[in-house]
Amino acid sequence: EAGVAQSPRYKIIEKRQSVAFWCNPISGHATLYWYQQILGQGPKLLIQFQNNGVVDDSQLPKDRFSAERLKGVDSTLKIQPAKLEDSAVYLCASKGSRGASTEAFFGQGTRLTVV
Amino acid sequence: KQEVTQIPAALSVPEGENLVLNCSFTDSAIYNLQWFRQDPGKGLTSLLLIQSSQREQTSGRLNASLDKSSGRSTLYIAASQPGDSATYLCAVSSFGGGQGGKLIFGQGTELSVKP
C-alpha cells in the first residue's frame, strides 16, 4: 500500500510570508498527526485529527498556525505569518481505524527554512 | 502529562559492538511503544511496535523490551554496522488522545557506528 505522502519536500520563505504544507495519509487511516521537529530535537505534536475532527491542538500556535482535514482524508497545515523560529521539519503521520494500539506511519516530511 | 526521555543523547561505538538505547516515560497509561529510525533529512521509519501487554519484540538484529510498570523500554542492537548510524526515537501512544491515542516522542539518541 502507498505510504503517507507529503509535499513539498523543501520550502524556503522570508519571514512574515505564508506557507502551506499538504499531507495525504494512508488510505482508510482515521487518525492524522502533524508534528514540528526542530533540528536536534524530537518531534513535537502540533495537532491531531480523528477523521475530520480535531482531537488535540493544545500545542498549536493558533495566532499563526492553522490546519484542516476536509472530508477526513487529506490535510493542510498553514503558517501565516512565518517567523524565523518556525524553521523546522514538519512531519505528518497516520494511524489505522483500529485505534490507538495500531502502528503509526510517517511521511518524509517538509523541511521549512525561514530567512 | 506524559513525558518521554531518551538516554544517551548521542552514542558512538565501533562496528560489531552490541548496544542498548534507553527510553523512559512518566505515565504507564499507554497503548503501545514504538521505536523509529530517522536518517538525516528524512522522515521516520518504524522499527518495532510493542503493545502494552507485551514484554518484547524482535526484528532481525533488533530487540525491544517494555516494562510498563517501571516506565522503561530498551532497544538492543546486536553486532552493530555503519549502516545503523542514524537517530533512534521512541514514542508512546498514551491515553487521552481520543480514538487514536496521543503519540509522544522522546528527544532521540544519535548513534554513530565507526568502521
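See the structure printed just above.
In this text the structure is predicted, and so the values were computed from the model without any measurement.

J.: So what exactly am I meant to see when it comes to the pairing of strand E8 (residues 75-79) of chain A here?
T.: Two faces, one strand: in a regular strand the side chains alternate between the faces of the sheet. Residue and element names in this part refer to chain A. Burial along E8 is one-sided: Ser-75, Leu-77 and Ile-79 are buried, and none of Thr-76 and Lys-78, which face the opposite way, are. Here five bridges tie strand E3 (residues 19-24) to E8, and the two strands are oriented antiparallel to one another. Across the sheet, the residue bridging to Ala-20 is Lys-78, located in E8. With four bridges joining them, strand E7 (residues 65-68) and E8 adopt antiparallel strand pairing. For Phe-65, the partnering residue across the bridge sits in E8 and is Ile-79. What sits between the antiparallel neighbours E7 and E8 is a turn of six residues, in which Lys-71 has the positive phi angle 60°.

J.: Teacher, can you tell me more about the pattern of salt bridges here?
T.: Oppositely charged side chains can pair when the atoms bearing their charge come close. Summed over all chains, the structure comprises five salt bridges over all chains. Across the pair Asp-39 of chain B and Arg-37 of chain B runs a salt bridge whose closest N-O atoms are separated by 3.0 Å.

J.: Is there a simple way to explain the nonpolar core in this structure?
T.: Nonpolar side chains tend toward joint burial in soluble globular proteins. One finds Leu-33, Trp-35 and Leu-75 of chain B to be the most contacted residues of the largest nonpolar core, which totals 23 residues. The set of elements that each furnish at least two residues to this core consists of strand E3 (19-25), strand E4 (30-38), strand E5 (44-51), strand E7 (62-67), strand E8 (72-77), strand E9 (86-94) and strand E11 (109-114) of chain B. The contact partners of Leu-75 of chain B, leaving out residues within four places of it in the chain, are Leu-19, Val-20, Leu-21, Trp-35, Leu-47, Leu-48, Leu-62, Asn-63, Ala-64 and Tyr-88 of chain B. Counting residues in hydrophobic clusters, the runner-up holds 21 residues, among them Cys-23, Ile-26, Leu-60 and Cys-92 of chain A.

J.: Help me understand the pairing of strand E4 (residues 31-37) of chain A in this model?
T.: Residues and elements named next belong to chain A. With seven of seven residues buried, E4 lies mostly within the body of the structure. Of the strand pairs in this sheet, E4 and strand E5 (residues 44-50) are connected by six bridges, and their pairing is antiparallel. Pairing of Tyr-35 across the sheet is with Leu-45, part of E5. In this structure, the hairpin formed by E4 and E5 is closed by a connection of six residues, where Gly-40 is found at a positive phi of approximately 85°. Bridge analysis of E4 against strand E9 (residues 88-95) gives seven bridges, and the strand direction is antiparallel. In the sheet register, Thr-31 faces E9, and the bridge partner there is Lys-95.

J.: I'm lost on the sheet that holds E8 of chain B in this one. Help?
T.: Backbone hydrogen bonds are what pair the strands of a sheet, in a parallel or an antiparallel way. Residues and elements named next belong to chain B. Reading across the sheet, the five strands line up as E1-E3-E8-E7-E6 and stay open at both edges, with antiparallel pairing between neighbours. With one partner strand each, in any of the chains shown, strand E1 (4-7) and strand E6 (56-59) form the two edges of the open sheet. Within the sheet, the average angular offset between the axes of one strand and its neighbour, ignoring direction, is 15°.

Parameters and conventions
Residues numbered from 1 in each chain as written. Chains lettered and ligands numbered in written order. Predicted model: local features only at pLDDT ≥ 70, side-chain atom pairs only at ≥ 80, totals over all residues. Heavy atoms only, no water. Buried < 20%, exposed > 50% of the residue type's maximum accessible area, 1.4 Å probe, protein only. Helix = DSSP H or I, 4+ residues; strand = E, 2+ residues; numbered from the N terminus. Pairing = 2+ DSSP bridges. Salt bridge = Lys/Arg side-chain N within 4 Å of Asp/Glu carboxyl O. Core = buried A, V, L, I, M, F, W, Y, C linked by side-chain atoms within 4.5 Å. Contact = heavy atoms within 4.5 Å. Axes fitted to C-alpha atoms, helices over the stretch in contact; angles between N-to-C directions.

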